[in-house]
Amino acid sequence: MLLKSKGRQSENLFRRYQENCAESRQIRTHWDASVQNAKLSGAAAKEKIMTAVAQKIRLANGKMIPAAIFGVYQMKAPAECQKAVEDALEAGYRAIDTAASYGNEAAVGAAIKACGLPREDLFITTKLWAEDASEAGAYRAVKRSLELLGLETLDLYPIPQP
């Protein structure tokens, strides 16, 4: 019975993963189309891009996610990462994507704190590092990520390598 139960759980997790991948493709396609449409110059281009950044997509659970997400992969220098996130937030981004393995959650947290935006206006994602993929490891990892980010909650916490 335990194996059947775990099998169903795995099937449900895999189904949700597939749904999220489909939603990610929809977001990426939507963003690519928005960028293509913004091939203008000056103020018109900025307005088109800001319109794309402000758009949102409804996830399967009803939660709204910004269509444009600012990622900080490979931004190792804390000051550079913090400045980039602050600039992105000032430019209109409201979704930030980081991960424990990127080593920059503290810089992202400092930018979130410095921006002055209400937490409910932001969509923050960080990811579980593969070496923490156990129940106890995940608990420690999410707690550590929340501390580094200076947050009480996350909007999305994917497991990229289940």
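To keep things clear, this report deals only with the structure shown in the data block. All figures in this text were calculated on a predicted structure; none of them were measured in a lab.

## Here's the deal with the overall build of the protein chain
Counting secondary structure elements, the protein chain contains five helices and five strands. Element order for the protein chain, N to C, with α for helix and β for strand: α-α-β-β-β-α-β-α-β-α. When each of the 162 residues of the protein chain is scored for burial, the buried share is 32%. As displayed, the protein chain offers around 10,400 Å² of accessible surface, 55% of which is attributable to carbon and sulfur atoms.

## Description of the packing of helix H4 (residues 105-115) against helix H5 (residues 135-149)
Look at H4 against H5: their axes get within 7 Å of each other, and the N-to-C directions meet at 45 degrees. Considering their axes alone, H4 and H5 lie oblique with respect to each other. Contact residues: Glu 105, Ala 106, Val 108 and Gly 109 in H4; Ser 145, Leu 148 and Leu 149 in H5. A per-class count over the contact of H4 with H5 returns four nonpolar, two polar and one charged.

## Side note on the side chain of Asp 132
As for its position among the elements, Asp 132 is in the loop between strand S5 (123-125) and H5. Contact partners of Asp 132, with chain neighbours within four places excluded, come to Gly 137, Ala 138, Ala 141 and Arg 144.

## Considering the side chain of Asp 97
Mapped onto the secondary structure, Asp 97 falls in strand S4 (residues 95-97). Engagement of the side chain of Asp 97 in a polar contact is seen with the side chain of Lys 127, the distance being 2.8 Å. Among residues more than four places away in sequence, those in contact with Asp 97 are Ile 69, Phe 70, Gly 71, Val 72, Tyr 102, Thr 125 and Lys 127.

## Quick notes on the packing of aromatic side chains
Tallying each qualifying case throughout the model produces two aromatic pairs. Measuring from centroid to centroid gives 5.6 Å for Phe 70 and Tyr 93, while their planes differ by 65 degrees, and the two rings are edge-to-face. Of this pair, Phe 70 sits in strand S3 (residues 70-71) while Tyr 93 sits in the loop between helix H3 (78-91) and S4, and the two are 23 residues apart along the sequence. Summarising the burial analysis for this pair, Phe 70 and Tyr 93 share the class buried.

## Things to note about H3
Between its first and last C-alpha atoms H3 spans 20 Å; for 14 residues at 1.5 Å apiece the expected length is 20 Å, and the two agree. For H3, the complete set of buried residues consists of Cys 81, Ala 84, Val 85, Ala 88 and Leu 89. Along the long axis of H3, the arc covered by the buried residues comes to 130 degrees, so they all point the same way. Exposed residues lying more than 90 degrees from the buried face of H3 are Ala 79 and Glu 90. Check the buried side of H3 and you find it contacts S3, S4 and H4. After H3 finishes, the residue Gly 92 shows a positive phi value of roughly 120 degrees.

Rules behind the numbers
- Residues numbered from 1 in each chain as written.
- Predicted model: local features only at pLDDT ≥ 70, side-chain atom pairs only at ≥ 80, totals over all residues.
- Heavy atoms only, no water.
- Helix = DSSP H or I, 4+ residues; strand = E, 2+ residues; numbered from the N terminus.
- Buried < 20%, exposed > 50% of the residue type's maximum accessible area, 1.4 Å probe, protein only.
- Areas by Shrake-Rupley, 256 points an atom, 1.4 Å probe, with all protein chains shown as cover.
- Axes fitted to C-alpha atoms, helices over the stretch in contact; angles between N-to-C directions.
- Parallel < 35°, antiparallel > 145°, perpendicular 65-115°, else oblique.
- Contact = heavy atoms within 4.5 Å.
- Nonpolar A, V, L, I, M, F, W, Y, C, P; charged D, E, K, R; others polar.
- Polar contact = N/O pair within 3.5 Å; in protein donor to acceptor, adjacent residues only side chain to side chain.
- Phe/Tyr/Trp six-rings, centres within 6.5 Å; stacked < 30°, edge-to-face > 60°.
- Expected span 1.5 Å × (residues − 1).
- Arc of directions from axis to C-beta.

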